[in-house]
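Given next are the chains, with one letter for each unit.
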Amino acid sequence: MTEYLNETVFTWGGVPLKFGAGAVDEIGYDLGQQGAARVLIITDPGVAGSGVPQRVADAAKAAGLTVEVYDRVHVEPTDESLAEAVEFAGRSAWDGFIGVGGGSAIDTAKAVNLLTTYPGELHDYLNKPIGHGRTPPGPLKPLVAVPTTAGTGSESTPVCVLDLLGLKVKTGISHPRLRPTLAVADPLLTLDLPPVVTAASGMDVLCHALESYTAKPYSAFPRHSPETRVAYCGSNPISDMWAEQSLRLIGRAFRAAVLTGGNLAARTDMMLAATFAGMGFGNAGVHIPHACGYPIAGMVRDYVPDGYPPEPLVPHGQSVSLTAPATFRFTYPTDPDRHLRAAELLAPSAVRRSDPREQLPAVLAELMRDIGIPNGTAAVGYTETDTDQLVTGALKQQRLLNVAPRAVDAEDLAAIFRESRTNW
Ligand SMILES: NC(=O)c1ccc[n+]([C@@H]2O[C@H](COP(=O)([O-])OP(=O)(O)OC[C@H]3O[C@@H](n4cnc5c(N)ncnc54)[C@H](O)[C@@H]3O)[C@@H](O)[C@H]2O)c1
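Every value quoted in this text rests on a predicted model; they were computed, and no experiment measured them.

## Quick notes on the nonpolar core
Grouped together as the largest cluster of nonpolar side chains are 71 residues, with contacts concentrated most on L206, L247, I288 and L364. There are two domains that each give this core at least three residues, and those are domain 1 (22–185) and domain 2 (195–419). Grouped together as the second largest cluster of nonpolar side chains are 29 residues, V112, L122, Y125 and L164 included.

Written as structure tokens, this is what we have:
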């Protein structure tokens, strides 16, 4: 057999999908097909208040299933909130789970599925170097994901993310076995999403698409064996295709979805964009903006955004977007054509900058300003004196930084954080 030094193989995994207005009302039939008779719905109080989890429960009960609802997921889950959910779920035997909500609810459902199906503590499965990175011993129970934000793409990804309160760091579990068995994406569920949540979760979609599109190509990684091949394998022709389609839809619909909430066409485009971006980044991976987003969210002091539970919190989508303009200025030399193509897909009629390196950062900054994203890390409470600690936090995300298209050291990250204090 020929010996290759570099990777020649990439993998692409996905989740069966049911998409469209009204899709959620068919969930009883879909659960029946998965062979689940007793299911636990996992959601957060805000989503529960929208009535959607009850609607899902009614549809499942009408199909003859036994259903209970757990509605105490923490928005931006933590090790503590997860332990509470696992304790609740562990009181009964479930054949399957339904995560109803944004990434917070769906990620909690993924971790509950793992930790109630197999022995072991959360720490055993968390990504290295924070946890032991243990592989789930076998397949998990059926998990149907019903996203109510157009954002994380968690319905199609192999990861879940949470805050470790003691360590003040965000990390997660990453393994293909975590993928839901079915995603049911119904854009009608996002019509009442508050503008601030629409903007933040949409920026998460945009960063997924841009980061996976500009990620280090799979063929630039060292050759893996089938056992060691990672879930995030770098940009590849299949993920690229999803990322490009996602960028085109975001360019067409994002502003309208935020500024005219009840616009079903824009909501449908953004839901599709989130699903497409999930299909891309869920395989290729994300890099610097997400690595920087983790300490920006984890070190929050007193920033309390509108539209979220009233507690200090930098929503995930805001946290990952704040360093995006500076990042794409930094990565531009690795593949100028890709950066320009991304800007073109997002804003076909944008004014051409005399310095092409500025084209994508400018398109991003203009969009972020229009939809009300805070103007840089200063606007969510960080000062120059926080830079070293932010850099230390970002450096812990080696799994993500390894997917960046060029090597990134502490000095590079410090420059990116400094440039991102204000974005316009
Ligand atoms: N697993 C992954 O692949 C992945 C990827 C990116 C982010 N994440 C994680 O996902 C979380 C963020 O998820 P998110 O941005 O989807 O938001 P979210 O789940 O945190 O929800 C944000 C807020 O919107 C409310 N909300 C959600 N849907 C609603 C609706 N239809 N109507 C009214 N209110 C609604 C919630 O109650 C909450 O207050 C973070 O913890 C992040 O780390 C996971």
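## Description of the pattern of salt bridges
Under the definition given, this model contains 18 salt bridges. The shortest N-O distance in the salt bridge between R301 and D386 comes to 2.7 Å. Here D386 lies in the loop between helix 14 (359–370) and helix 15 (387–395) and R301 lies in the loop between helix 10 (288–298) and helix 11 (316–321), a separation of 85 residues in the sequence. Note on R301: relative accessible area 46%, which makes it partly exposed. Taken together, the shared-partner salt bridges connect K18, E26 and D30 into one network.

## Quick notes on the layout of surface pockets
Put simply, the second largest pocket is a space of about 780 Å³. As for the second largest pocket, its lining consists of 31 residues, and the residues nearest its centre are S174, T228, R229, V230 and A231. Those elements giving two or more residues to the lining of the second largest pocket turn out to be strand 7 (169–174), helix 9 (264–284) and helix 16 (398–401). Across the lining of the second largest pocket, the residue classes tally to 12 nonpolar, 13 polar and six charged. Both domain 1 (22–185) and domain 2 (195–419) contribute no fewer than three residues apiece to the lining of the second largest pocket.

## With respect to helix 5 (residues 103–117)
Here helix 5 contains 15 residues, and its C-alpha end-to-end distance of 21 Å stays within 8% of the 21 Å for a straight helix at 1.5 Å per residue. Burial within helix 5 is extensive, with 13 of its 15 residues counted as buried.

## Focus on the UniProt feature "domain: Fe-containing alcohol dehydrogenase-like C-terminal" (unreviewed entry) in the protein
Taking the numbering used here, the UniProt-annotated feature "domain: Fe-containing alcohol dehydrogenase-like C-terminal" (unreviewed entry) corresponds to residues 233–419. From the first C-alpha to the last, residues 233–419 spans 29 Å; its make-up is 61% helix and 0% strand.

## Some details on the site of the ligand
Taken together, 29 residues are adjacent to the ligand, and D44, S104, T148, T149 and T157 come closest. With respect to the ligand, the side chain of T148 contributes an N or O atom lying 2.7 Å from a nitrogen atom. Between K170 and the ligand, the recorded distance is 3.0 Å, taken from a side-chain N or O atom to an oxygen atom. Contact with the protein chains covers 94% of the free accessible surface of the ligand, which is 860 Å². Looking at the shell around the ligand, the elements with two or more residues in it are helix 2 (45–49), helix 5, strand 6 (159–164) and helix 7 (195–213). Residue composition of the shell around the ligand, grouped by class: 11 nonpolar, 12 polar and six charged. Taken together, domain 1 (22–185) and domain 2 (195–419) each give at least three residues to the shell around the ligand, which thus spans both.

## Overview of helix 13 (residues 336–346)
When helix 13 is considered as a whole, its buried residues turn out to be H339, A342, A343, L345 and L346. Buried positions in helix 13, seen along its axis, are confined to an arc of 165 degrees and lie on one side of it. On its buried face, helix 13 is in contact with helix 7, helix 8 (237–259), helix 12 (324–331) and helix 14.

## Remarks on the sheet that holds strand 3 (residues 66–70)
The strand order 1-8-5-4-2-3 describes an open sheet built from six strands, whose pairing is parallel. Edge positions in the sheet fall to strand 1 (17–19) and strand 3, since each has one partner strand and no second. Between one strand axis and the next, the sheet turns through 15 degrees on average, direction left out of account. One ladder, built from five bridges, connects strand 2 (residues 38–42) with strand 3; its direction is parallel. When the sheet's bridge partners are listed, I42 is paired in strand 3 with Y70. Strand contacts of helix 9: strand 1, strand 5 (143–147) and strand 8 (182–185), with the helix running at about 165 degrees to strand 1, the strand carrying the most contacts.

## Brief notes about a nonpolar patch on the surface
On the surface, W12, I238 and M241 cluster together into a nonpolar patch covering about 260 Å² of accessible area. By the secondary structure assignment, M241 is in helix 8. Residue classification places M241 among the partly exposed positions, given a relative accessible area of 44%.

## Notes on the pairing of strand 7
Here strand 7 lies mainly inside the structure; five of its six residues are buried. Bridging between strand 6 and strand 7 involves six bridges; their strand directions are antiparallel. Counted as the bridge partner of V159 is S174 from strand 7. Joining the antiparallel neighbours strand 6 and strand 7 is a turn of four residues, in which K168 adopts a positive phi near 55 degrees.

## Describing unusual backbone geometry
Residue K128 is joined to P129 through a cis peptide bond whose omega torsion reads 0 degrees. Mapped onto the fold, P129 is located in the loop between helix 6 (122–125) and strand 5. For E76, which is not glycine, the phi torsion reads 65 degrees and is therefore positive. Along the polypeptide, E76 turns up in the loop between strand 3 and helix 4 (79–89). On the accessibility criterion, E76 (10% relative accessible area) is buried.

## Some details on the environment of D412
Within the element layout of this structure, D412 appears in helix 17 (residues 410–419). For D412, a relative accessible area of 21% gives the class partly exposed. With 19 residues separating them along the chain, D412 and G393 place their C-alpha atoms 14 Å apart.

The rules behind the values
Residues numbered from 1 in each chain as written. Predicted model: local features only at pLDDT ≥ 70, side-chain atom pairs only at ≥ 80, totals over all residues. Heavy atoms only, no water. Core = buried A, V, L, I, M, F, W, Y, C linked by side-chain atoms within 4.5 Å. Buried < 20%, exposed > 50% of the residue type's maximum accessible area, 1.4 Å probe, protein only. Domains from an automatic or database assignment. Salt bridge = Lys/Arg side-chain N within 4 Å of Asp/Glu carboxyl O. Helix = DSSP H or I, 4+ residues; strand = E, 2+ residues; numbered from the N terminus. 1 Å grid on protein atoms, 1.4 Å probe; cavity = no way out; pocket = protein on both sides within 12 Å on 5 of 7 lines; lining within 4 Å. Points joined across faces, edges and corners; volume = space filled by probe spheres on them. Nonpolar A, V, L, I, M, F, W, Y, C, P; charged D, E, K, R; others polar. Expected span 1.5 Å × (residues − 1). UniProt positions renumbered as here; feature names shortened; annotations may be inferred. Near = heavy atom within 4 Å. Polar contact = N/O pair within 3.5 Å; in protein donor to acceptor, adjacent residues only side chain to side chain. Areas by Shrake-Rupley, 256 points an atom, 1.4 Å probe, with all protein chains shown as cover. Arc of directions from axis to C-beta. Contact = heavy atoms within 4.5 Å. Pairing = 2+ DSSP bridges. Axes fitted to C-alpha atoms, helices over the stretch in contact; angles between N-to-C directions. Patch = residues over 30% accessible without salt bridge, like charges linked within 9 Å, V, L, I, M, F, W, Y side chains within 5 Å.

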